[in-house]
Amino acid sequence: ADAKTKVYGDLDAALSYSVGGAGLAFNDTLTGTLNRATGEAVGSYAINQNTLNVDPAVAGNYAVTYTGANYTITARPITIKADVQTKMYGNVDPGLTYQLTAGNLVGSDTLAGALTRISGENVGSYAIQRGTVDNGNYNITYLSDNLTITARPITLAADAKTKVYGTLDAALTYNVGGSGLAFNDTLTGALNRAT
């Protein structure tokens, strides 16, 4: 049997063979066909003699030895690219998603697992990583992108104050508005007033 190879998801190539040893005599022929072990996942599958043999009319004139080979199914190449993501500081991460940018999935195949990102919650850019995204029948090329954390908009509103001439100033206070402070963050420093 001739060794054969195909990419996962492609159609099988025709099984073929060569005749060695002393070869066939006269106009004798072989009849029947080879077959291979069943399966479509990535791996090697034995090519079997099945019904391939010398024509029964002359079979007694031959001592046939069959040498098998393998039908190898290789991983299908695809490329996936992480989608750019953004979030405001203090918010939960958006779902990390990706697009198939080259190649194709076969039938109803899907990729299992999830993307991950470099850890961190401060304003900045964090690389999105392949994480556990996989399918054993595919050779995945992964293209990264970033999750960007943007500054959280807040407002500070000074509270109006009043005092009687000659008395001490009341403490200057304020309220935080806008998106508010995240986590357990605090503000430092103090307000002052015109002299």
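All of these numbers come straight from a predicted model, not from anything done at the bench.

Caption draft 1: Structural view of the side chain of K4. Structurally, the position occupied by K4 is in strand β1 (residues 4-7). As a buried residue without a salt bridge, K4 has its nearest oppositely charged side chain in D2, at a separation of 5.1 Å. Here the side chain of K4 touches A14 through a polar contact of 3.4 Å, landing on its backbone oxygen. In this structure K4 touches A14, L15, S16, I47, N70, Y71 and T72, once residues within four positions along its chain are discounted.

Caption draft 2: Highlighting the packing of aromatic side chains. Under the counting rule described, the total for this entry stands at two aromatic pairs. Ring centres of Y8 and Y138 lie 5.4 Å apart, and the angle between their planes is 75°; on these two criteria the pair is classed as edge-to-face. In this pair, Y8 is assigned in the loop between β1 and β2 (30-31) and Y138 in strand β12 (residues 138-143), connecting sequence segments 130 residues apart. Residue classification places Y8 among the buried positions, given a relative accessible area of 9%.

Caption draft 3: Structural view of the side chain of R117. Of note, R117 is situated in strand β10 (residues 116-117). Judged by its relative accessible area of 13%, R117 falls in the buried class. There is a polar contact of 2.6 Å between the side chain of R117 and the side chain of D93. Beyond its immediate stretch of four places on either side in the chain, R117 contacts K87, D93, L96, Y126, A127, I128, Q129, L147 and I149.

Caption draft 4: View of the sheet that holds strand β8 (residues 85-88). With respect to topology, four strands assemble into an open sheet ordered β8-β13-β11-β10, the strand pairing being mixed. Edge strands, defined here as strands with exactly one partner in the open sheet, are β8 and β10. Two strands pair when backbone bridges link them, and β8 and strand β13 (residues 146-150) are joined in this way by four bridges, in the parallel orientation. By the bridge assignment, T86 is partnered in β13 with T148.

The rules we used
- The written sequence of each chain sets the order in which its residues are numbered from 1.
- Thresholds applied to this predicted model are a pLDDT of at least 70 for local features of residues and 80 or more for the giving and counting of side-chain atom pairs; totals over whole chains, interfaces and linings are not thresholded and use all residues.
- Excluded from the side-chain calculations are hydrogens and water; all other atoms, namely the structure's heavy atoms, are used.
- Counting from the N terminus, the helices are DSSP H or I runs at least four residues long and the strands are E runs at least two residues long.
- Here's how the labels work: a residue is buried when its accessible area is under 20% of the maximum for its type, exposed when over 50%, partly exposed in between, all with a 1.4 Å probe on protein chains only.
- Only four residue types enter the charge count, namely Lys and Arg as positive and Asp and Glu as negative; His and the chain termini do not.
- The salt bridge definition used is simple: a Lys or Arg side-chain nitrogen within 4 Å of an Asp or Glu carboxyl oxygen.
- The term polar contact refers here to a pair of N or O atoms within 3.5 Å; inside protein, the definition further demands a hydrogen-donor-capable atom paired with an acceptor-capable atom, and it admits residues adjacent in sequence only when both atoms are side-chain atoms.
- We call two residues in contact whenever any of their non-hydrogen atoms come within 4.5 Å of each other.
- Stacked, edge-to-face and tilted are the three classes for Phe, Tyr and Trp ring pairs, Trp counted by its six-membered ring, which pair at centre distances within 6.5 Å; planes under 30 degrees apart are stacked, over 60 edge-to-face, the rest tilted.
- Should DSSP find at least two bridges between two strands, the strands are taken to pair.

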